[in-house]
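# Observations on chain architecture
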Amino acid sequence: MILGLGNDLIRTSRIAAVWQRHGDRFCHKLLMPAEQAALADVTDPVNRLAKAFAAKEALVKALGTGFRGVSHVDSGVLRAVNGAPRLVFSARLAGVLQTRGIELAHLALTDQDDWVLATVVLEGSGPRRPPPLEIV
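Structural notes, computed from the coordinates. Throughout this description, residue numbers start from 1 for each chain and increase along the sequence as written. Two thresholds apply to this predicted model, a pLDDT of at least 70 for residue-level local features and 80 or more for giving and counting side-chain atom pairs, whereas whole-chain, interface and lining totals are computed over all residues. Side-chain calculation: all heavy atoms of the structure are included, whereas hydrogens and water are not.

## Considering the side chain of Asp 74
Mapping Asp 74 onto the fold places it in the loop between helix 4 (45–63) and strand 2 (75–79). The definition of a polar contact used here is a pair of N or O atoms within 3.5 Å, where within protein one atom must be able to donate a hydrogen and the other to accept one, and adjacent residues in sequence count solely through side-chain atom pairs. A polar contact of 2.4 Å, which involves the side chain of Asp 74, links it to the side chain of Arg 92. Contacts are residue-level and defined by heavy atoms, with any inter-residue pair within 4.5 Å sufficient. When neighbours within four sequence positions are excluded, Asp 74 is seen to be in contact with Met 32, Gly 69, Val 88, Phe 89, Ser 90, Arg 92 and Leu 93. Counting from the N terminus, the helices are DSSP H or I runs at least four residues long and the strands are E runs at least two residues long.

Quick look at the structure:
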């Protein structure tokens, strides 16, 4: 069952301006350590930063919480062996997802010119609830 859907659209030029102003400080606030390490091997770091930012925004929209109780470094975007993007989570956020019955998180990323779009779909059985009240 789909438990959440979130999208985020961002201009890469906006991320480029922030990165130029704040440099590594921006990276440390946005990226998990594994994402920071992967950034060193990328030919276009601004595009990768924009995709990470958009994915994290899409995730909290899918959760329906915004960043209340969730930090940017609680989730990350890494690449599978085949190059597909995948979401990874801190132990704390993974616990929140499990409590909500979320078992799978799907991520799609695309870019065109100065735009990056991220879509996150959260799937699972949902939280354990008592049966609904029966109305007769």
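Okay, back to it.
## Details of helix 4
In this analysis, the expected span of each helix is defined as 1.5 Å times one less than the number of residues it contains. The end-to-end C-alpha distance of helix 4, which contains 19 residues, comes to 27 Å, matching closely the 27 Å that a straight helix rising 1.5 Å per residue would cover. The element helix 4 is largely enclosed, with a buried count of 17 among its 19 residues. Positive backbone phi, at 80°, marks Gly 64, one or two positions downstream of helix 4. Burial classification: accessible surface area is computed with a 1.4 Å probe over protein chains only, and a residue below 20% of its type maximum counts as buried, one above 50% as exposed, and the rest as partly exposed.

## Considering the pairing of strand 3 (residues 85–89)
What makes two strands pair is DSSP finding at least two bridges between them. Taken together, the five bridges between strand 2 and strand 3 define a ladder with antiparallel strand orientation. Paired with Gly 76 across the bridge in strand 3 is Val 88. Count of turn residues in the strand 2/strand 3 antiparallel hairpin: five residues, of which Gly 83 carries a positive phi of about 95°.

## Points about the sheet that holds strand 1 (residues 2–11)
Within a sheet, each strand pairs with its neighbour through backbone hydrogen bonds, oriented either parallel or antiparallel. Strand order in the open sheet formed by three strands is 1-5-4, with antiparallel pairing between adjacent strands. For this open sheet the edge positions go to strand 1 and strand 4 (102–112), each flanked by a neighbour on one side alone. For this sheet the average axis-to-axis angle between neighbouring strands, irrespective of direction, equals 10°. Relative to strand 5 (residues 115–124), strand 1 is paired through nine bridges, and the arrangement is antiparallel. Its bridge partner lying in strand 5, Ile 2 is registered against Glu 123. Angles run from 0 to 180 degrees between N-to-C directions of axes, and those axes are lines fitted to C-alpha atoms, restricted for helices to the stretch in contact. Lying on the sheet, helix 4 is in contact with strand 1, strand 4 and strand 5; it crosses strand 1 at an angle near 145°.

## Focus: unusual backbone geometry
Among all residues except glycine, the phi angle is most often negative; among peptide bonds, the trans geometry is most common. For Asp 113, which is not a glycine, the phi torsion comes out positive at approximately 50°. Relative to the elements of secondary structure, Asp 113 occurs in the loop between strand 4 and strand 5.

## Structural notes on the nonpolar core
Of all hydrophobic cores here, the largest spans 31 residues; its most connected members are Leu 49, Leu 107 and Val 120. Listed by contribution, the elements that provide at least two residues to this core are helix 1 (12–22), helix 2 (24–30), helix 4, helix 5 (91–99), strand 4 and strand 5. Here the element with the most residues in this core is helix 4; it accounts for 11 residues. For Leu 49, the residues in contact, after removing those within four places along its chain, are Ile 15, Trp 19, Phe 26, Cys 27, Leu 30, Leu 31 and Leu 39. To form a nonpolar core, buried Ala, Val, Leu, Ile, Met, Phe, Trp, Tyr and Cys residues must be joined to one another through side-chain atoms within 4.5 Å.

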